[in-house]
Amino acid sequence: MDTWTVLSSHSALYRHAAPGLQEHLLTVQSRLRALFIEHGTLQRIRQAIARNQWLPPEGWRALQLEEARGLALHAARRVPYYRDLFGRLGVDPLTWRSLDDLHALPELSREDVIEAGTGLLAEGGPLLRFRGSTSGTTGRALAGWRDRASIAFEQAFVERQAAWAGYRPGERRAWLRGDPVVPAHQAGGALWRMNRAENTLLLSSYHLSPANGAAYIEALERFDPVLLQAYPSSVSHLARWLEEHDRVYQGASLRGVVTSSETLSPADRRLIAERFGCRVFDWYGAFERVAAIGTCEHGNYHVLEDYGCVEFEPNGDGSSNLIGTGFGNRSMPLLRYRTDDVVVPADPGYRCPCGRSFRVVERVLGRADDVIRTPDGRHVVMLDWLFTGLFGLLEAQVVQERLNEVRIRIVAGSEFGVAGEQELLARALERLGPRVTIRIERVARIERTRNGKFRQIVSRLSGEQ
């Protein structure tokens, strides 16, 4: 077992340590992590993207062509999968003169990446590379490799999003995401830990409940962060707790909430902004590091054109699938990767008042993996409307195990009574139709995934149903 694993909050040492020692381990781990960052690369990228955000459209398109051509040349020379592909197709990136030339390459699917395996790793790359994996919501695990330069690239863009939210490095920050900073067996006491190396209060997203909402809010108000970074489901849980108790957040310094990793509904965005008294900045990224979308000071979603080339593939209903070519990972480059994520693009002629010319999307709908299927053949997604404005409803999850039956699992506060259940049932029947039996099931909590994420729709139907 290496030093990194021993220090991690996932380790047995951490789980059984006293809270003070746990905080020390978190601090040491952060300082060690900082040693792995290529700080020269990080500073160079910070400076470049600070300028890039103000490029006119022709400027970032020229930048994208240069980056895409350079990435493709690197892939053709040093990545076995692409060397073979380019040879078979007769593709020569040196001849590319516009971004349309990128379409000489076929789309790359998740299954393609899984099947290619290490054939997508660059030969002669840095010795120090890091492997991660994700299974998404379903399916086989997908492995991804990154190096120190790739980590620096990603960090620079995350920092720029935090800057858009008004945060500056070193200021107080709170973190309410999937880190198991509090052992699962702990039921009481402080459900957060302090990372002094990063001046960050880490709160457990696994322990949220109606009973401890006051403790979480009081801990945040006492620490008084400038920025709160959270899963949408976690911070909206606290916003609903504040609403149910007719309270607003009292911290004096909070400038913004940055959400990521889950779909943020418009209703939750409004509620968080109202109850926490600040703007909400939503961030979209992908494990595969092929596309990123950030939120500016005017609340608009911008495709980060200096992060990668993002293509919109229309679905015919106003939404589009994302196909991305990320610029930041030369250890495992992915060209024209289909993300399975869906957005609603804004009018191409729209220009954001913030002055950035990056394309705007109206909504990030998230992954298209889990949908509710109805007996009449419809596929229903984005059910957040069902829960909008239902006072006292803290969390809800829609689960489908049979084609003609759906369970709505809810975590409800004291104000959510029979009338609320009837309204929820009526909305669900209107949305799903009379051929679907709907049951409402009250639960004490809704389980998170291993990474602490919350899935609003869970489908357990087999493909042939």
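Everything numeric here is computed off the predicted structure, so don't read it as measured data.

(A) The arrangement of the overall build of the protein in detail. Looking only at helices and strands, the protein features 12 helices and 20 strands. In terms of overall dimensions, the protein is globule-like: its C-alpha atoms have a radius of gyration of 23 Å, near the 23 Å expected for 465 residues. Reported as C-alpha extents along the three principal axes, the dimensions of the protein are approximately 65 × 55 × 45 Å. Buried residues in the protein amount to 52% of all 465 residues. Contacts spanning at least 24 positions in sequence make up 68% of the contacts within the protein whose residues lie at least 6 apart. The distance from the centre of the 59 positive side-chain charges to the centre of the 56 negative ones in the protein is 4 Å.

(B) Representation of a nonpolar patch on the surface. A cluster of nonpolar side chains, namely Leu35, Phe36 and Leu128, defines an oily patch on the protein surface of about 280 Å² accessible area. On the secondary structure map, Phe36 appears in helix H3 (residues 19-36). Judged by its relative accessible area of 32%, Phe36 falls in the partly exposed class.

(C) Spatial organisation of helix H12 (residues 418-432). Here H12 spans 21 Å end to end across 15 residues, near enough to the 21 Å set by a 1.5 Å rise per residue. Where H12 is concerned, the buried positions are Gly420, Leu424, Arg427, Ala428 and Leu432. End-on, the buried residues of H12 take up no more than an arc of 115°, which puts them together on one face. Pointing more than 90 degrees away from the buried face of H12 are the exposed residues Val418, Ala419, Gln422 and Glu430. Where H12 terminates, the next one or two residues include Gly433, which has phi positive at roughly 95°.

(D) Representation of the nonpolar core within the structure. Counting residues in each nonpolar core, the largest one holds 100 residues, and the members touching the most others are Tyr82, Phe86, Leu228, Phe276 and Ile293. Setting aside residues no more than four positions away along its own chain, Leu228 makes contact with Ala174, Trp175, Leu176, Leu220, Val235, Leu254, Gly256, Val257, Val258 and Phe276. Residues Ile372, Ala396, Ile410 and Ile457 belong to the second largest nonpolar core, which totals 18 residues.

(E) Seen up close, unusual backbone geometry. Positioned with a positive phi, Asn199 is a non-glycine residue whose angle comes to about 50°. By the element assignment, Asn199 lies in the loop between strand S4 (192-195) and strand S5 (200-203). With phi around 80°, Ser261 is a residue other than glycine that occupies positive phi space. Along the chain, Ser261 turns up in the loop between strand S7 (256-260) and helix H11 (266-276).

(F) Main features of the confidence of the model for the protein. Mean pLDDT over the protein works out to 89, with 92% of the residues at or above the 70 mark. In this model residues 135-139 is a low-confidence stretch, pLDDT under 50, and it forms 7 contacts with partners more than four residues away in sequence or in other chains.

(G) The pattern of salt bridges, seen in detail. A full pass over the atoms with the stated rule returns 27 salt bridges. In this structure, Arg275 and Glu274 form a salt bridge, with 3.1 Å as the shortest nitrogen-oxygen distance. For Arg275, a relative accessible area of 11% corresponds to the buried category. The class for Glu274 is partly exposed, based on a relative accessible area of 46%. Several salt bridges converge on common partners, so that one network encompasses Glu401, Arg407, Arg409, Glu441, Glu447 and Arg460.

(H) Structural view of the environment of Gly87. Counting through the fold element by element, Gly87 comes out in helix H6 (residues 80-89). A residue is classified by how much of its surface remains accessible, and Gly87, at 56% relative accessible area, is exposed.

(I) Focus on the pairing of strand S12 (residues 320-326). The buried count for S12 comes to 7 of 7 residues, which makes it a mostly enclosed element. Across 7 bridges, the pairing between strand S11 (residues 308-314) and S12 is antiparallel. Along S12, the bridge assignment pairs Glu311 with Ile323. Between the end of S11 and the start of S12, which pair antiparallel, lie 5 residues, with Gly316 showing a positive phi angle near 90°. With 4 bridges joining them, S12 and strand S13 (residues 337-345) adopt antiparallel strand pairing. Bridging from a neighbouring strand, Asn321 pairs with Val342 of S13.

(J) Inspection of the pairing of strand S8 (residues 279-285) at higher detail. The buried fraction of S8 amounts to 5 of the 7 residues, a majority that puts the element mostly inside the structure. In the sheet, S7 pairs with S8 via 5 bridges, with the strands oriented parallel. Paired with Ser260 across the two strands is Trp283, which belongs to S8. Taken together, S7, H11 and S8 constitute a β-α-β crossover, and its handedness is right-handed.

The rules behind each value
Residues numbered from 1 in each chain as written. Predicted model: local features only at pLDDT ≥ 70, side-chain atom pairs only at ≥ 80, totals over all residues. Heavy atoms only, no water. Helix = DSSP H or I, 4+ residues; strand = E, 2+ residues; numbered from the N terminus. Rg over C-alpha atoms; globule rule 2.2 N^0.38 Å. Buried < 20%, exposed > 50% of the residue type's maximum accessible area, 1.4 Å probe, protein only. Contact = heavy atoms within 4.5 Å. Lys, Arg positive; Asp, Glu negative; His and termini not counted. Charge placed at Lys NZ, Arg CZ, Asp CG, Glu CD. Patch = residues over 30% accessible without salt bridge, like charges linked within 9 Å, V, L, I, M, F, W, Y side chains within 5 Å. Areas by Shrake-Rupley, 256 points an atom, 1.4 Å probe, with all protein chains shown as cover. Salt bridge = Lys/Arg side-chain N within 4 Å of Asp/Glu carboxyl O. Expected span 1.5 Å × (residues − 1). Arc of directions from axis to C-beta. Core = buried A, V, L, I, M, F, W, Y, C linked by side-chain atoms within 4.5 Å. pLDDT = per-residue confidence, 0-100. Pairing = 2+ DSSP bridges. Right-handed = clockwise from strand over helix to strand, strands pointing away.

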